[in-house]
Amino acid sequence: LAKTTQPISMDSYEGQEVNITCSHNNIATNDYITWYQQFPSQGPRFIIQGYKTKVTNEVASLFIPADRKSSTLSLPRVSLSDTAVYYCLVGLLYNFNKFYFGSGTKLNVKP
Amino acid sequence: GAVVSQHPSRVICKSGTSVKIECRSLDFQATTMFWYRQFPKKSLMLMATSNEGSKATYEQGVEKDKFLINHASLTLSTLTVTSAHPEDSSFYICSARLQGLVFGSGTRLTVV
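Residues numbered from 1 in each chain as written. Chains lettered and ligands numbered in written order. Predicted model: local features only at pLDDT ≥ 70, side-chain atom pairs only at ≥ 80, totals over all residues. Heavy atoms only, no water.

Next up on the list: unusual backbone geometry. Residue Pro8 of chain B follows His7 of chain B across a cis peptide bond; omega there is -5°. Residues other than glycine seldom take positive phi values, yet Thr53 of chain A does so here, at roughly 55°. Its place among the elements puts Thr53 of chain A in strand 5 (residues 53-56). With a phi close to 60°, Lys41 of chain B is a non-glycine residue in the positive phi region. One can find Lys41 of chain B in the loop between strand 4 (32-38) and strand 5 (44-51). The exposure class assigned to Lys41 of chain B is exposed, which follows from its relative accessible area of 86%. (Helix = DSSP H or I, 4+ residues; strand = E, 2+ residues; numbered from the N terminus. Buried < 20%, exposed > 50% of the residue type's maximum accessible area, 1.4 Å probe, protein only.)

Printed below as a string of structure tokens:
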């Protein structure tokens with residue numbers, strides 16, 4: 001199982017681009033990388049998922065280098081409502097696999 | 001998109017009683033569901049893996065007799081906290097496997 005490491009916290013200001021990096025040095029060949037957002041007293045919410053290179057959706061981009069040992073979640077022009085904890089998870093999508101959470105990154109967006 | 005419904009969202013119970021938490025996949029079948037526990041300002045801790053039609057697999061240190069898991073259908077898994085004590089107070093979150101994980105909204109359990 002690929003262990004993930006993220007910064008414990010990050011600060012940003014409204015309107016800035018935020019990049020959160022996750023290390024997963026022992027990622028397996030068929031593992032995907034998924035990022036989740038969690039607000040207090042709520043379940044995590046899916047943000048973005050990818051396997052390699054770059055993935056972009058309406059809320060974020062995910063950058064994965066060729067060696068796949070890390071990934072970077074990019075949030076463009078953050079707002080106060082983006083203050084949350086962000087988790088990256090690594091694992092197989094379909095086969096039996098358990099998903100363990102790392103510490104996550106607490107993003108604090110200031111006005 | 002895919003939705004996992006978790007009920008109740010919050011519950012208060014007396015010490016010694018049992019509480020059941022339901023987790024339903026609303027528009028897809030979930031052969032595998034996961035139950036997590038989260039303490040304040042901490043990450044999610046995997047408690048057990050629930051597989052439809054078979055016994056749940058518990059993580060090390062999780063008491064299977066205290067946290068009973070039943071996954072009787074492809075859309076429903078339940079977690080029953082038996083003989084609850086104040087130290088069982090926590091935020092419990094279920095999730096279902098669907099190209100990754102889809103999470104329920106969580107249940108805040110308070111044992112008084």
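Residues and elements named next belong to chain A. Examined against the element boundaries, Thr34 turns out to sit in strand 3 (residues 32-38). For Thr34, a relative accessible area of 5% puts it in the buried group. Polar side-chain contacts of Thr34 include one of 2.9 Å to the side chain of Gln49. When residues no more than four places from it in sequence are discounted, the contact partners of Thr34 are Phe46, Ile48, Gln49, Tyr87, Cys88 and Leu89. (Polar contact = N/O pair within 3.5 Å; in protein donor to acceptor, adjacent residues only side chain to side chain. Contact = heavy atoms within 4.5 Å.)

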